[in-house]
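# Structure at a glance
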Amino acid sequence: MEPQPPIFLQSLYSPLWPLVFSLVIFFFLFSLLIYLLKLRLWCNCDTCKTYINSSWLAQFSNLCDWYAHLLRKSPTKTITVHVLGNTITANPDNVEYMLKTRFDNYPKGKPFSAILGDFLGRGIFNVDGELWKFQRKMASLELGRLSLRSFAFEVANYEIQSRLVPLLSSVADKYNCVLDLQDVFRRFSFDSICRFSFGLDPKCLELSLPMSEFAVAFDLASKLSAERAMTVSPWVWKIKRILNLGSERKLRESIKMINTLAQEVIRQKRKLGFSDHRDLLSRFMASVNDETFLRDIVISFLLAGRDTVASALTGLIWLLASHPEVETAILAEADRVIGLDREPTSFEQMKELHYLQATVYESMRLYPPIQFDSKFCLEDDFLPDGTFVKRGTRVTYHPYAMGRMEEIWGPDCLEFKPDRWLKEGVFFQENPFKYPVFQAGVRVCLGKEMALVEMKSVALSLLRRFHIRLAKAHCHVRFSPGLTATLHGGLPVLVQERKPIKKTQMNRV
């Protein structure tokens, strides 16, 4: 007697199945149509009409610039885009209220977790509650260790000396040889964070600039996950996901590639032993046995450490190219603190470069790697500026817009001025709720110090060796969709050797 297929599979052979399937699709599409019609009929305000019709494009190159414009005009520095169910603020008092005072009432929320769930799973950036607290505590213990910080410095220094500098030297002084520095920074940070997180070297920054399947899959998964958040209704991407169509099919394939590699790395570490390894994954494996959970944890740190650092470096070099006086001041400080033609030797030594620190902070004030961040309101509430927030509303604070507020930074807020961060030559930390580039409050970025050291190390090494100028003048920055700020068209530059530097103190991993 032949075995019978499961009941569910038998039902697929039924002549009624196509009809049932069609009715399900019709129901979803009909619900979506009603939802969209309700939005259009419900709100006819200028902001919502402008968003729906995309008429903001007539005046602004980027959605973030339109939002910044609206927030500047708002008396409370808060606006609501009703069709998105999104309250957006650039008011520091509101930011502190969300991220500290009423932190428990403004979690990431299920809608956000659903958007990034396939990509980040149960990683620290996509969960709330006890799961978040457990990862936060574990990551805080590990990232706070001097040994791990030293390892991060060694990894970054090795990538700079062995790959980044030789790559720029290979194109320096060559006539009309244009290099996309944004792509280079993404390769650099991907190599660095993979070695730091996994103990894996994808070698994306080799002189031949090879394509890594893992990096390509990671980029695509990040981009497509971000596009989910831009749809007017979550039903759009959810239906495509159910039917495995278009962008959702590509997202599924990309995540499958990421999972396959991550699982293989975990299996190899278990096979070979991990107790004497220094990377982040090996440290977490001592406390966590669930391979899927380990994958989620490390992918989250990979996303944070790779894309944000590359984005911040791109914005920094873009600004320095048109501010040679800042570049000169950075070099003078480095010669004074570190020594002429000498390399920085430690994580701690980089902290002594106050003007460089101020420059990095100032560049991220104008071009933060994460332009906005959203939470969801659990219970009806009033923000400090009087804005009523209904339960279930998405509430977004906007660092990009906040960096352009006269009320926060003064009448020169659109100018690139590192000196605003110095008091008598010493770096001065501003209120984190007026500068939430690293978040603030309970969820403040744990990898902040390591990211800053990595950015300063890269900037200093390149500026002391090369003159970098833009291949073509950029009057306006245009961004591509993504979880982090990415320049549309990259950052094409021309590179010239500045002067030879003695490699007296090059560190190696």
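Note that this is a predicted model, so its numbers are computed, not measured. For every chain, the first residue of its written sequence is number 1, and the numbers climb from 1 along that sequence. Where local features are concerned, this predicted model is filtered to residues with pLDDT of at least 70; where side-chain atom pairs are given and counted, the filter is 80 or more; whole-chain, interface and lining totals use all residues. Neither water nor hydrogens contribute to the side-chain values; these are computed over all heavy atoms in the structure.

Assigned secondary structure in the protein chain consists of 20 helices and 13 strands. Across the 509 residues that make up the protein chain, the buried fraction comes to 51%. A separation of at least 24 residues holds for 73% of the contacts in the protein chain among residues at least 6 apart in sequence. Here, Shrake-Rupley sampling with a 1.4 Å probe gives the accessible areas, and only protein chains in the shown set may cover a residue. Accessible surface for the protein chain amounts to roughly 24100 Å². Of this, 58% is attributable to carbon and sulfur atoms. Helix numbering and strand numbering both begin at the N terminus, where a helix is a DSSP run of H or I of at least 4 residues and a strand a DSSP run of E of at least 2. Classification of residues uses two cut-offs on accessible area relative to the type maximum, computed with a 1.4 Å probe and protein chains only: under 20% is buried, over 50% is exposed, and between them is partly exposed. For this analysis, residues touch if any pair of their heavy atoms sits within 4.5 Å.

Two strands qualify as a pair provided that DSSP identifies no fewer than 2 bridges between them. Strand order across the open sheet formed by three strands is β3-β13-β10, with antiparallel pairing between neighbours. Each of the sheet's edge strands pairs with one partner strand only, and the pair in question is β3 (179–180) and β10 (466–470). Strand direction decides the pairing type here: β3 and strand β13 (residues 492–497), joined by two bridges, are antiparallel. Of the residues in β13, the one forming a bridge with Leu 179 is Val 493. Every axis in this analysis is a line fitted to C-alpha atoms, fitted for helices over the stretch in contact. Angles between the N-to-C directions lie between 0 and 180 degrees. Contacts from helix α20 (residues 448–465) reach β10 and β13, with the element oriented near 100° to β10.

Attention shifts here to the side chain of Ser 212. On the secondary structure map, Ser 212 appears in the loop between α9 (181–197) and α10 (213–230). Assessed through its relative accessible area of 13%, Ser 212 is described here as buried. Apart from the residues lying within four places of it in its own chain, the contact partners of Ser 212 are Phe 190, Pro 202 and Cys 204.

pLDDT is a per-residue confidence score from the predictor, ranging from 0 to 100. Scored by pLDDT, the protein chain has a mean of 86; 88% of the residues are at 70 or more. Contacts for the low-pLDDT stretch residues 6–13, under 50 throughout, to residues beyond four places or in other chains number four contacts. The low-confidence segment residues 502–509 (pLDDT under 50) makes 19 contacts with residues lying over four places distant or belonging to another chain.

Before going further, it helps to examine the sheet that holds strand β1 (residues 78–81). Strand order across the open sheet formed by four strands is β1-β2-β7-β4, with mixed pairing between neighbours. Edge positions in the open sheet fall to β1 and β4 (373–376), since each of these has one partner strand only. Strand-to-strand twist in this sheet, taken as the mean axis angle between neighbours without regard to direction, amounts to 25°. Judged from the four bridges that link them, β4 and strand β7 (residues 394–397) form a sheet pairing that is antiparallel. Each residue of the ladder has a partner; that of Ser 374, found in β7, is Thr 396.

Now for the packing of α9 against α10. For the pair α9 and α10, interaxial distance at closest approach is 12 Å and the crossing angle is 105°. By the criterion of interaxial angle, the relationship of α9 to α10 is roughly perpendicular. Touching Arg 186, Phe 190 and Cys 194 of α9 are Phe 214, Ala 215, Phe 218 and Asp 219, all from α10. Partitioned by chemical class, the residues of the contact of α9 with α10 number five nonpolar, no polar and two charged. Comment on the angle field: the value is read as roughly parallel under 35 degrees, roughly antiparallel over 145, roughly perpendicular from 65 to 115, and oblique elsewhere. Think of it as three bins: nonpolar holds Ala, Val, Leu, Ile, Met, Phe, Trp, Tyr, Cys and Pro, charged holds Asp, Glu, Lys and Arg, and polar takes everything else, Gly as well.

So, about the environment of Ser 300. Tracing the chain through its elements places Ser 300 in helix α14 (residues 291–320). Take Ser 300: its relative accessible area is 0%, and that puts it in the buried class. Spatially, the C-alpha atom of Ser 300 lies 9.0 Å from that of Arg 122, the residues being 178 residues apart in sequence. The contacts of Ser 300, once residues within four sequence positions are left out, are Leu 120, Gly 123, Ile 124 and Phe 125.

The next thing to look at is the environment of Arg 278. With respect to the secondary-structure elements, Arg 278 resides in the loop between α12 (246–272) and α13 (280–285). When its relative accessible area of 36% is taken as the criterion, Arg 278 is described as partly exposed. Setting aside its immediate chain neighbours within four residues, Arg 278 contacts Ser 147, Leu 148, Phe 151, Glu 154 and Arg 283.

The term salt bridge refers to a side-chain nitrogen of Lys or Arg lying within 4 Å of a carboxyl oxygen of Asp or Glu. Following the criterion strictly, the structure yields 34 salt bridges and no others. Across the pair Lys 133 and Glu 130 runs a salt bridge, and its minimum N-O distance is 3.7 Å. With a gap of three residues between them, Lys 133 and Glu 130 both fall in helix α7 (residues 129–143), about one helical turn apart. When its relative accessible area of 47% is taken as the criterion, Lys 133 is described as partly exposed. Several salt bridges converge on common partners, so that one network encompasses Glu 159, Arg 163, Asp 191, Arg 195, Asp 201 and Glu 206.

With that settled, consider helix α6 (residues 110–120). For α6, the set of buried residues is Phe 112, Ser 113, Ile 115, Leu 116, Phe 119 and Leu 120. Take α6 and look down its axis: the buried residues cluster within an arc of 160°, on one side only. At its buried positions, α6 is contacted by α10, α11 (234–243), α12, α14 and β4. Where α6 terminates, the next one or two residues include Gly 121, which has phi positive at roughly 55°. For this quantity, the arc is that covered by the directions from the helix axis to the C-beta atoms.

What follows covers the packing of helix α3 (residues 46–53) against helix α4 (residues 63–73). Contact geometry for α3 and α4: axes closest at 13 Å, N-to-C directions at 170°. When the axes of α3 and α4 are compared, the pair comes out roughly antiparallel. Residues Thr 47, Thr 50 and Tyr 51 of α3 pack against Leu 63, Trp 66, Tyr 67 and Leu 70 of α4. Split by residue class, the contact of α3 with α4 holds five nonpolar, two polar and no charged.

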